[in-house]
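A closer look at the structure
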Amino acid sequence: MNSKKVNLAFLISVTVYVGGVFAISAFCPYILENVVLNNLICESMMVLPGFAVFLFSEKEKAEFLSFHRIKTGTLLAVIPFTLFSMPLISLANLLSQFFTTNRVIEAMETTDMGQKLSKKTRTESDLIGSREVPESALYGVQTLRGIENFRISKFHLNEYPLFIQALAITKMGAAVANRELDLLTEEQTDAILKACKEILEGKHHDQFPVDMIQGGAGTTTNMNANEVIANRALELMGHARGEYQYCSPNDHVNRSQSTNDAYPTAIHIGLYYTHLKLVKHFATLIEAFRKKGAEFAHIIKMGRTQLEDAVPMTLGQTFNGFASILEHELKNLDFAAQDFLTVNMGATAIGTGITAEPEYAEKCIAALRKITGLDIKLADDLIGATSDTSCMVGYSSAMRRVAVKMNKICNDLRLLASGPRCGLGEINLPAMQPGSSIMPGKVNPVIPEVMNQVSYKVIGNDLCVAMSGEAAQMELNAMEPVMAQCCFESADLLMNGFDTLRTLCIDGITANEEKCRRDVHNSIGVVTALNPVIG
């Protein structure tokens, strides 16, 4: 056997493979980042040294196998076998990955991933520096920084359309006032108003991708609105996105404003519209309880205090009681929401009105009233109003009161429906899904349970709002973003919970009339009615 050829084969294998790896690491970092390409190159390198064994003649290959069996034993005899098989296996793997890669590339070209890789950009600058912004984006460099800086939650601005619309309304009011003061040209004003109206129609909401929870007291959200409106206005004016000399996010859309008055004003308007939507869902649920109260008015049942038998009542009275305690909260919600109609537009940075013309605040409020039809008022003291977030504290507290009462009602529904054989069993909740993966025939009160959890979440959000409300420092409260997020989220949770509870539970409740009557007859609670007679 030619030992020189054996050594030469191993030397070629090691040199090509190791040298190739080092070459890739040193000179081709892109290949390392590209997983598919990296695999292709590595497989290619494995093929080359594998073919080194074909330097042997047939006789030498046989001697090579025999040599390894004698010298290294059965275990190491696998090594030469691997050297012979490696070229074929590697070649098959290489061909497979080649065709797979082609399919992946073709798929990427027709997907969002492909679009992201091939999209064009434009250069925008701010005081931090220049960045490349996707050409297809209406937002600009400051929104891009916000996206990168605040990867905090799954609560993004584009999930709250009423807030986005409120931002557009705020910018419309400012544009009208600035035009009246000759601070904007007619062309700029018309383009800004048209862009805002498109947002009110539900367009461009996907261009508001920033996280609702953010540092900067809402600056990212305000600039997101400014940049989207400015770039859309530029298009309407016949200019390209980013040509801010014609319509600037800061100098024109944000004229006479700062985040510290535009952002809270938009929150107020957005939450007021959310309130109007919330109370409609709430009133519909209350009416559902009233209907059940009338339906069950004739059914006698046992009342209970501290879960013990008390005195007789009707099942209808139970459901009317639910409706009554909730109706009180309608008034409380309305009262709390009135604070949203007082705004601080014109306060600019801290409430002194710096950078705004003397008549700007009044003109802006007049424009907002006309646009919305709401009784919007200017705060009496803009310095005090700029750092005061008590309107959100108050409304969140009102929603917490609703949550507390909803929790009580859902607990009662679960108790009244408990059983069906060993519980109270006075009512039947609609069977929505199997209640166990192991217990046959079990059905759980899943709809009241989910409303309980909604209530807990709303109560938790209220704690966050309260803590954030007391975090104001000097002339501003920088925690407004999380306060706004909690208020919008709580309202959405309640609306979804109200509708779910009504349609999947309350409307379908039936009474076990005979069970209710039997419990009354078997209870000593009925004798309480004789107290005035026998003492």
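Here, residues in each chain are numbered from 1, in the same order as that chain's written sequence. The predicted origin of the model limits local features to residues at a pLDDT of at least 70 and limits the giving and counting of side-chain atom pairs to 80 or more, whereas totals for whole chains, interfaces and linings rest on all residues. Just so you know, side-chain values use all the structure's heavy atoms and leave hydrogens and water out.

**Looking at the packing of helix α16 (residues 390-416) against helix α17 (residues 446-469)**
- Angular values range over 0 to 180 degrees, each being the angle between N-to-C directions of two axes fitted as lines to C-alpha atoms, with helices fitted over their stretch in contact. Helix numbering and strand numbering both begin at the N terminus, where a helix is a DSSP run of H or I of at least 4 residues and a strand a DSSP run of E of at least 2. Between α16 and α17, the least distance of the axes is 8 Å, while the angle of their chain directions is 155°. Taken together, the axes of α16 and α17 are roughly antiparallel relative to one another. Crossing of α16 against α17: the hand is left-handed.
- Three categories are distinguished: nonpolar for Ala, Val, Leu, Ile, Met, Phe, Trp, Tyr, Cys and Pro, charged for Asp, Glu, Lys and Arg, and polar for the others, with Gly belonging to the last. A class-by-class count of the residues in the contact of α16 with α17 yields 13 nonpolar, eight polar and four charged. In what follows, roughly perpendicular refers to angles from 65 to 115 degrees, roughly parallel to angles under 35, roughly antiparallel to angles over 145, and oblique to any angle outside these ranges. When the near helix sits turned anticlockwise from the far one by under a right angle, the crossing is termed left-handed; a clockwise turn instead gives a right-handed crossing.

**Quick word on a nonpolar patch on the surface**
- Judged by side-chain polarity, Ile524, Val526, Val527, Leu530, Val533 and Ile534 come together as a nonpolar surface patch covering roughly 610 Å² of accessible area.
- The residue Val526 is located in the loop between α19 (513-521) and α20 (531-534) in this model.
- To sort residues, take the accessible area from a 1.4 Å probe on protein chains only and compare it with the maximum for the residue type: under 20% means buried, over 50% means exposed, and anything in between is partly exposed. Assessed through its relative accessible area of 37%, Val526 is described here as partly exposed. Each patch is built from residues lacking any salt bridge and having more than 30% relative accessible area; the joining distance is 9 Å for like charges and 5 Å for nonpolar side chains (Val, Leu, Ile, Met, Phe, Trp, Tyr). Residue exposure ignores everything except the shown protein chains as possible cover, and the areas themselves are Shrake-Rupley values with a 1.4 Å probe. We count a salt bridge whenever a side-chain nitrogen from Lys or Arg sits within 4 Å of a carboxyl oxygen from Asp or Glu.

**A short note on unusual backbone geometry**
- Here the amide bond leading from Gly419 into Pro420 is cis, since omega sits at 5°, within 30 degrees of zero.
- Here Pro420 lies in the loop between α16 and β7 (427-428).
- Even without glycine at this site, Thr348 takes up a positive phi of about 50°.
- Within the element layout of this structure, Thr348 appears in the loop between β5 (342-343) and α14 (360-372).
- Overall, the relative accessible area of 1% leaves Thr348 in the buried class.

**Looking at the environment of Val176**
- Within the secondary structure, Val176 sits in helix α8 (residues 161-180).
- With 14 residues separating them in the primary sequence, Val176 and Asp190 have C-alpha atoms 9.3 Å apart.

**Some thoughts on the pairing of strand β3 (residues 300-305)**
- The pairing criterion is simple: DSSP has to find at least two bridges between the two strands. The pairing of β3 with strand β4 (residues 308-314) spans five bridges and is antiparallel. Bridged to Ile300 within β4 is Thr314.
- Between the antiparallel neighbours β3 and β4 lie two residues, among them Gln306 with a positive phi of about 55°.

**Considerations on the confidence of the model for the chain**
- Confidence of the predictor in every single residue is expressed as pLDDT, which spans 0 to 100. The predicted model of the chain averages 86 in pLDDT, with 78% of residues at 70 or higher.
- Here residues 68-79 is modelled with pLDDT under 50, and outside its nearest four sequence neighbours on either side it reaches five contacts, counting other chains as well.
- Considering only residues more than four positions removed or in separate chains, one finds that residues 104-118, a stretch of pLDDT under 50, has five contacts. Residue contacts are defined here by distance: any two heavy atoms, one from each residue, within 4.5 Å place the two residues in contact.

**Some words on the packing of helix α12 (residues 259-295) against helix α13 (residues 315-337)**
- Running from N to C, α12 and α13 point in directions that differ by 165°, and their axes come no closer than 8 Å. Classified by the angle their axes make, α12 and α13 are roughly antiparallel. Judged by the sense of rotation from one axis to the other, the crossing of α12 with α13 is left-handed.
- Counted by class, the contact of α12 with α13 contains 13 nonpolar, five polar and five charged residues.

**Describing the pattern of salt bridges**
- By the definition in use, this model includes 25 salt bridges.
- The salt bridge partner of Asp182 is Arg179, with a shortest N-O separation of 3.8 Å.
- Classification of Asp182 by relative accessible area gives exposed; the value is 61%.
- Arg517 is the salt-bridge partner of Glu513, the closest N and O atoms lying 3.2 Å from each other. Taken together, the residues span about one helical turn, with Glu513 and Arg517 both in helix α19 at a distance of four residues.
- Look at Glu513 and you get partly exposed, because its relative accessible area is 29%.
- Connected through shared salt-bridge partners, Glu198, Arg232, Glu235 and Arg241 make up one network.

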